[in-house]
Amino acid sequence: MIKRLIDILSNPTSASQIQKEFCIKRKKDIECVITKVQKICKRKGWSLKIKPAICKNCGYTFSKREIKIPTQCPRCKSSWIDEPIFWIERK
Ligand SMILES: [Zn+2]
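Conventions adopted
- Residue numbers here run from 1 along each chain, matching the order of that chain's written sequence.
- Under the rules for a predicted model, residues below a pLDDT of 70 receive no local features and side-chain atom pairs below 80 are neither given nor counted, while totals for whole chains, interfaces and linings still include all residues.
- Put simply, DSSP marks the helices as runs of H or I at least four residues long and the strands as runs of E at least two long, and each gets a number from the N terminus on.
- Counting other C-beta atoms within 10 Å of a residue's own tells you its class, since 20 or more makes it buried, 12 or fewer makes it exposed, and anything in between is partly exposed; those C-beta atoms are placed from the backbone.
- Contact between residues is assigned whenever the C-beta positions, reconstructed from backbone atoms, fall within 7 Å.
- Think of a nonpolar core as buried Ala, Val, Leu, Ile, Met, Phe, Trp, Tyr and Cys residues chained together by C-beta atoms that fall within 7 Å.
- Strands qualify as paired when DSSP identifies two bridges or more between them.

Draft legend 1. Summary view of the environment of Arg75. Structurally, the position occupied by Arg75 is in the loop between strand 3 (54–55) and strand 4 (81–82). The class for Arg75 is exposed, based on 11 C-beta atoms found within 10 Å. Expressed as a C-alpha distance, the spacing of Arg75 and Arg4, which sit 71 residues apart in the sequence, is 36 Å. The contacts of Arg75, once residues within four sequence positions are left out, are Cys55, Cys58 and Tyr60.

Below is the structure:
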């Protein structure tokens, strides 16, 4: 599964695409699996890039470093969130 995810992440992929592809139910599990990929990338000298989630209501940008799939904006409490996009950059 991790191998296939690494393949998929050669192209920018959203959290929900990953969720669908692998039938993952909980957001926590997606975060967990992406964290695993990030570790593998580090070992190989690749980097996992994150286009952070953005609140569509107030424009709040979530952390770029943290692998998190937010459901609610900490600033305006809106749940209208543009989900994060992940991809792997091979050097
Ligand atoms: Zn907001």
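Draft legend 2. Representation of the nonpolar core. Counting residues in each nonpolar core, the largest one holds nine residues, listed as Leu5, Leu9, Ala15, Ile30, Ile34, Val37, Ile69, Phe86 and Ile88. If near-sequence neighbours (up to four positions away) are discounted, Ile88 is found in contact with Ile6, Leu9, Ser10, Cys41, Trp46 and Leu48.

Draft legend 3. Expanded view of the environment of Leu9. Position of Leu9 relative to the elements: it lies in the loop between helix 1 (2–8) and strand 1 (13–14). Excluding residues that lie within four positions of it along the chain, Leu9 makes contacts with Val37, Phe86, Trp87 and Ile88.

Draft legend 4. How the structure looks around unusual backbone geometry. Non-glycine residue Cys23 carries a positive phi angle of around 50 degrees. Summarising the element assignment, Cys23 is placed in the loop between helix 2 (15–22) and helix 3 (27–44). Despite not being glycine, Lys77 has its phi angle at roughly 65 degrees, a positive value. Summarising the element assignment, Lys77 is placed in the loop between strand 3 and strand 4. Accessibility expressed as a C-beta count within 10 Å gives 10 for Lys77, which makes it exposed.

Draft legend 5. The pairing of strand 5 (residues 85–89), seen in detail. Residues Phe86 and Ile88 point to one face of strand 5 and are all buried, whereas Ile85, Trp87 and Glu89, pointing to the other face, are not buried. By the bridge criterion, five bridges tie strand 2 (residues 47–51) to strand 5 in an arrangement that is antiparallel. In the strand pairing of strand 5, Lys51 is matched with Ile85.

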